[in-house]
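Structural features, examined
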Amino acid sequence: MRSEELVKLAIAALEDIKAQDITTIDVRDKTSITDYMVIASGTSSRHVKSLVDNVLEKVKEQGVRPLGSEGLDSGEWALLDLGDIVVHVMLPTARQFYDLERLWQGAEQSRAQHGTDHE
């Protein structure tokens, strides 16, 4: 599965269960670790875990094997490494603190156009 298709699949899985403020960052010219980062917020620790679990389920259905995951126990910040993309899901306070969008400033960013509620 191409990186772009995997990004779309991850975003759809996040939107399915109401992830907030989904952002995609193209880091192909910035790092060799991955091609894209998908960042989203959950409303509670349980929601963060559910979001990552849903992405995991959807990518496995398409035959994608994750390289690893982190933070599923705490629920404040969870990471799912899919090789070509890394999915970060976190509580808004953790997202603001780590500010990955600013860290990767200069990389091409895009926000999901539908399925997000801005409160």
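- The protein chain is annotated in an unreviewed UniProt entry as Ribosomal silencing factor RsfS of Pseudomonas lalucatii.
- The UniProt entry for the protein chain carries this comment under Sequence similarities (unreviewed entry): "Belongs to the Iojap/RsfS family."
- Its UniProt record, at the heading Function (unreviewed entry), says of the protein chain: "Functions as a ribosomal silencing factor. Interacts with ribosomal protein uL14 (rplN), blocking formation of intersubunit bridge B8. Prevents association of the 30S and 50S ribosomal subunits and the formation of functional ribosomes, thus repressing translation."

With respect to the nonpolar core
- If you look at the biggest cluster of nonpolar residues, it comprises 27 residues, and the most contacted ones within it are Leu14, Val38, Val55, Leu82, Ile85 and Val87.
- Of all the secondary structure elements, the ones that give two or more residues to this core are helix H1 (3–16), strand E2 (36–41), helix H2 (45–61), strand E4 (77–81) and strand E5 (85–90).
- With seven residues, the single largest contributor to this core is H1.
- Core analysis: the next-biggest nonpolar cluster, separate from the first, contains seven residues, Ile39, Met90, Ala94 and Leu100 among them.

Considering the pattern of salt bridges
- Applying the stated criterion to the full structure yields five salt bridges.
- Put simply, glutamate 4 and arginine 28 hold a salt bridge, and the shortest N to O gap is 3.4 Å. A residue pair is termed long-range when its members are at least 10 positions apart, and glutamate 4 in helix H1 and arginine 28 in the loop between strand E1 (20–26) and E2 qualify at 24 residues.
- With relative accessibility at 39%, the residue arginine 28 sits in the partly exposed group.
- Across the salt bridge formed by aspartate 53 and lysine 49, the nearest N and O atoms sit 3.0 Å from each other. Of this pair, aspartate 53 and lysine 49 are both found in helix H2, four residues apart, which corresponds to roughly one turn of the helix.
- The class for aspartate 53 is partly exposed, based on a relative accessible area of 30%.

Looking at the packing of H1 against H2
- Packing of H1 against H2 brings their axes to within 8 Å, and their N-to-C directions diverge by 135°. What the angle tells us is that H1 and H2 run oblique. For H1 against H2, the interelement crossing comes out right-handed. Where H1 approaches H2, its residues Leu6, Leu9, Ala10, Ala13, Leu14 and Asp16 are matched on the opposing element by Leu51, Asn54, Val55, Lys58 and Val59.

Structural notes on H1
- For H1, built from 14 residues, the straight-helix expectation of 20 Å at 1.5 Å per residue is met to within 8% by its first-to-last C-alpha distance of 20 Å.
- Of the positions making up H1, those classed as buried are Ser3, Leu6, Val7, Leu9, Ala10, Ile11, Ala13, Leu14 and Glu15.
- The inward-facing, buried residues of H1 contact E1, E2, H2 and E5.
- One or two residues past the end of H1 sits lysine 18, with phi positive at roughly 65°.

A look at the environment of arginine 95
- Its place among the elements puts arginine 95 in helix H3 (residues 92–98).
- Looking at arginine 95, the relative accessible area reads 6%, which means it is buried.
- Here threonine 23 takes part through its side chain, which lies 3.2 Å from a polar atom of the side chain of arginine 95.
- A polar side-chain atom of arginine 95 sits 3.0 Å from a polar atom in the side chain of serine 41.

Rules behind the numbers
- Residues numbered from 1 in each chain as written.
- Predicted model: local features only at pLDDT ≥ 70, side-chain atom pairs only at ≥ 80, totals over all residues.
- Heavy atoms only, no water.
- UniProt positions renumbered as here; feature names shortened; annotations may be inferred.
- Core = buried A, V, L, I, M, F, W, Y, C linked by side-chain atoms within 4.5 Å.
- Buried < 20%, exposed > 50% of the residue type's maximum accessible area, 1.4 Å probe, protein only.
- Helix = DSSP H or I, 4+ residues; strand = E, 2+ residues; numbered from the N terminus.
- Salt bridge = Lys/Arg side-chain N within 4 Å of Asp/Glu carboxyl O.
- Axes fitted to C-alpha atoms, helices over the stretch in contact; angles between N-to-C directions.
- Parallel < 35°, antiparallel > 145°, perpendicular 65-115°, else oblique.
- Left-handed = near helix turned anticlockwise from the far one by under 90°.
- Contact = heavy atoms within 4.5 Å.
- Expected span 1.5 Å × (residues − 1).
- Polar contact = N/O pair within 3.5 Å; in protein donor to acceptor, adjacent residues only side chain to side chain.

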